[in-house]
Every structure is written in structure tokens, then in C-alpha cells.
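Chain and residue survey
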Amino acid sequence: MTRFGMAYKFALEAITTKVNILKEEFRLAHEYNPIEHVNTRIKTVESILKKAEKKKIPLTLEAIKENIRDIAGIRIICSFVSDIYRISEMIQKQSDIQVIEIKDYIKKPKPNGYQSLHIVMKIPVYMSDHKENVFVEMQIRTIAMDFWASLEHKIYYKYNRQVPERIKAELKEAALTARELDQKMERINQEVSIIKNQESQLEHFVYTPETIVKLLNSKK
Ligand code: 0O2
């Protein structure tokens, strides 16, 4: 049992190191940080047993290990939707990570409005006498998606999973608002990047009399 839990703890430490390297390298190379924050969690025994029961998985360590793939979870919160896909690509390119499944609830949100990109992967953990490939579920989402998901999660448990239809409809509407906010923020960010690029190009620009005349003409 201790070994069972240890493998997930080490797998989360390994993937957290990978994400922190990406974050740091990105900040140094591009003067930009696509990751707002990172959380990890290991599912509680109670929650594992509940899921096993729901999915009719035999209560053996082997069956649980093989069939419950989100015992170790890492959640990455990004500023923009484009950052989510950027991080996802960078993770998928790492040769020791074996991508098992990608669930894109951003391109295709869940019927209740839930959005996030889920990557189920296996990562190697080296123990003293053997190597184990451990399942980790990575969820990548924006701040707006995360805000919605945490509120929805609280409401779901407050109503003991029997959420009234009116509140379900309002939550769905809120998910659409979050989506629109993400799209607007993405557009603003793109515009700012274009302006920043133009400014840095202008800093290195030498004005000749011909270019000044051209610029003046273009403003007419
Ligand atoms: P917790 O508390 O985060 O551990 P599968 O694992 O593929 O057999 P499942 O569980 O439907 O089937 O997988 P999926 O769709 O990848 O979702 C797994 C996790 O995503 C959930 O874990 C949540 O963290 C999150 N999630 C999925 N759908 C919703 C949703 O509608 N609302 C919110 N708030 N979160 C969602 P757990 O185990 O449910 O919970």
C-alpha cells in the first residue's frame, strides 16, 4: 500500500519538475510566463473506492492502478487559451512521457459547460529495484475556466449532486460568458503583441528622408 501511494507521489514530483522547467525556460527565453499557477493532488482512498465502485472495477491494487487513471492529478492554470495548447504540445514532445488519451473539453465542452484540456499520460518512476510507468492526469485550463469549475464543483456538492434545473441553466450560461471572456482576452493579448513587435522594430529603424516621406504619405 505504501509503495502504491509512493509511486503516485514520485510521479507528481517528476511532472511538477518538468512543468517548472518549462515555466522557467519560457520566462527566460521569451520574457513571458504562460503559467499562472500549478496544483497537484493525490486522490483520497475514499474517492478511489467510490470511483472503483461506480465503474465496477475489482478492488485489487492491480485493477485500480490500471483503470483509475486520475489518482495522481496535476492542474495547470494559464492566462490564455493559446497558452493551453502551447503547454500541451511542449509536454507531449517529451520523449519519456507516454500520452495515453487527450480529452479536449475546450473544443468540445461537456454538456454542463465544463471546459478544460485533459491529458492522460504515463510517466516513468525509477524505484530502487524497478521502473514503474505511472498514470497521471493533467488538466490545463484558463483562470476563467478554473473559476467556473471550482464554483460548479462546490454547487454540485452543496446540492448533493441534485442541482436544480434553473441553477444548471445559469451555470451553463456562466460557462459561455467565461468562454467569451477568454476569447476577448486572447484578442486583446494578440493586439498588444502586435503593437509591442512594431515598437521594437521601430526602435531599430533608421529614418531616411525617403522613408519619412513614405510614412507622411501613408498617413494622408
Ligand atoms: P476530483 O475531485 O477532481 O478528483 P474517466 O476518469 O475517464 O474514467 P471521468 O472521471 O469522467 O472519467 O474523466 P474526466 O472527464 O477526464 O474528468 C475527470 C476530472 O475532470 C474530474 O475528477 C474533475 O476534476 C474534472 N471534471 C470533469 N468534469 C467536470 C465537471 O463537469 N465539473 C467540474 N467542476 N469538474 C469536472 P473527479 O474525480 O470527478 O474529481
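Every chain's residues receive numbers from 1 upward, in the order its sequence appears when written. Under the rules for a predicted model, residues below a pLDDT of 70 receive no local features and side-chain atom pairs below 80 are neither given nor counted, while totals for whole chains, interfaces and linings still include all residues. Working from all heavy atoms in the structure, the side-chain values ignore hydrogens and water.

**What to know about a nonpolar patch on the surface**
Judged by side-chain polarity, Leu202, Tyr207, Ile212, Leu215 and Leu216 come together as a nonpolar surface patch covering roughly 470 Å² of accessible area. To qualify as a helix, a DSSP run of H or I must reach at least 4 residues; to qualify as a strand, a run of E must reach at least 2; elements of each kind are numbered from the N terminus. It is helix α7 (residues 209–219) that provides the largest number of residues to the nonpolar patch, a total of three residues. By the element assignment, Leu215 lies in helix α7. Residues qualify for a patch when their relative accessible area is over 30% and they have no salt bridge, like charges being joined within 9 Å and the nonpolar side chains of Val, Leu, Ile, Met, Phe, Trp and Tyr within 5 Å. Values of accessible area rely on a 1.4 Å probe in the Shrake-Rupley scheme; residue burial ignores everything except the protein chains shown. The term salt bridge refers to a pairing of a side-chain nitrogen on Lys or Arg with a carboxyl oxygen on Asp or Glu at a separation within 4 Å.

**Quick word on the pattern of salt bridges**
Taken as a whole, this structure holds 14 salt bridges when the rule is applied. The residue Asp96 makes a salt bridge to Lys18 at a minimum N-O spacing of 2.9 Å. Note that Asp96 is positioned in the loop between α4 (81–92) and β3 (98–104) and Lys18 in helix α1 (residues 2–30), a separation of 78 residues in sequence. Residue exposure (1.4 Å probe, protein chains only): buried if accessible area is under 20% of the type maximum, exposed if over 50%, otherwise partly exposed. In this structure Asp96 comes out as partly exposed when scored by relative accessible area, which is 37%.

**Quick notes on the sheet that holds strand β2 (residues 72–78)**
A strand pair is defined by DSSP finding two or more bridges across the two strands. Reading across the sheet, the five strands line up as β1-β2-β5-β4-β3 and stay open at both edges, with mixed pairing between neighbours. Each edge of the sheet is formed by a strand with only one pairing partner; in this case those strands are β1 (35–42) and β3. Neighbour-to-neighbour, the strand axes of this sheet turn through a mean angle of 25°, independent of strand direction. Strand direction decides the pairing type here: strand β4 (residues 117–126) and strand β5 (residues 131–142), joined by 10 bridges, are antiparallel. Residue pairing across strands places Ile123 opposite Val134, the latter belonging to β5. Residue contacts are defined here by distance: any two heavy atoms, one from each residue, within 4.5 Å place the two residues in contact. Angles here are taken between N-to-C directions and fall from 0 to 180 degrees, while the axes themselves are lines fitted to C-alpha atoms, restricted in helices to the stretch in contact. Packed on one face of the sheet, α4 meets β1, β2, β3, β4 and β5 and runs near 165° to β5. Of the strands in this sheet, β1, β2 and β5 touch helix α5 (residues 143–158), which is tilted by about 100° from β5.

**Some points on α4**
Each residue after the first adds 1.5 Å to the expected span of a helix. Over its 12 residues, α4 runs 17 Å from end to end, which matches the ideal 16 Å to within 8%, given 1.5 Å per residue. Taken together, the buried positions of α4 are Val81, Asp83, Ile84, Ile87, Ser88, Met90 and Ile91.

**Some details on the pairing of β2**
Burial within β2 is extensive, with six of its seven residues counted as buried. Bridge analysis of β1 against β2 gives seven bridges, and the strand direction is antiparallel. Within β2, the position partnered with Val38 by the bridge is Ile76. Inspection of the sheet shows β2 paired to β5 by six bridges, in the parallel sense. Among the inter-strand pairings, Gly73 is bridged to a residue of β5, identified as Glu137.

**Notes on the nonpolar core**
Put simply, a nonpolar core is a bunch of buried Ala, Val, Leu, Ile, Met, Phe, Trp, Tyr and Cys residues held in one set by side-chain atoms that sit within 4.5 Å of each other. Residues Ile15, Ile76, Met121, Val136, Met138 and Ile140 are the most contacted members of the largest nonpolar core, which totals 39 residues. For this core, the secondary-structure elements that each account for two or more residues are α1, α2 (45–54), α3 (61–67), β2, α4, β4 and β5. It is α1 that provides the largest number of residues to this core, a total of nine residues. Beyond its immediate sequence surroundings of up to four residues, Ile140 is in contact with Ile76, Cys78, Ile84, Ile87, Ser88, Ile106, Ser116, Leu117 and Ile119. In terms of nonpolar packing, the next biggest core, distinct from the first, is built from nine residues, Tyr114, Val163, Ile167 and Ala175 among them.

**Structural notes on the site of the ligand**
In this text, near means that some heavy atom of the residue lies within 4 Å of the molecule or strand in question. With respect to spatial proximity, 17 residues lie near the ligand, and among them Lys43, Lys55, Lys103, Tyr105 and Asn112 are the closest. What qualifies as a polar contact is a pair of N or O atoms within 3.5 Å, subject to a donor-acceptor requirement within protein and to the restriction that residues adjacent in sequence count only when both atoms come from side chains. At 2.9 Å, a side-chain N or O of Lys110 approaches a nitrogen atom of the ligand. Between Glu137 and the ligand, the recorded distance is 3.2 Å, taken from a side-chain N or O atom to an oxygen atom. Protein chains bury 72% of the 750 Å² of accessible surface belonging to the ligand in isolation.

**Some points on the packing of α5 against helix α6 (residues 165–203)**
It is the contact of α5 with α6, at a shortest axis distance of 9 Å, that shows an interaxial angle of 165°. It follows from the interaxial angle that α5 and α6 lie roughly antiparallel. Note that α5 runs across α6; the crossing there is right-handed. Across the interface between the two elements, Ala144, Met145, Trp148, Glu152 and Ile155 of α5 pack against Ile167, Leu171, Ala174, Ala175, Ala178, Leu181 and Asp182 of α6. Following the grouping adopted for this structure description, the nonpolar residues are Ala, Val, Leu, Ile, Met, Phe, Trp, Tyr, Cys and Pro, the charged ones are Asp, Glu, Lys and Arg, and the polar ones are all others, Gly among them. The residue inventory of the contact of α5 with α6, partitioned by class, reads 10 nonpolar, no polar and two charged. With respect to orientation, any angle under 35 degrees is reported as roughly parallel, any angle over 145 as roughly antiparallel, any angle of 65 to 115 as roughly perpendicular, and every other angle as oblique. Definitions for this section: a left-handed crossing has its near helix turned counterclockwise from the far helix by less than a right angle. A right-handed crossing has that turn clockwise.

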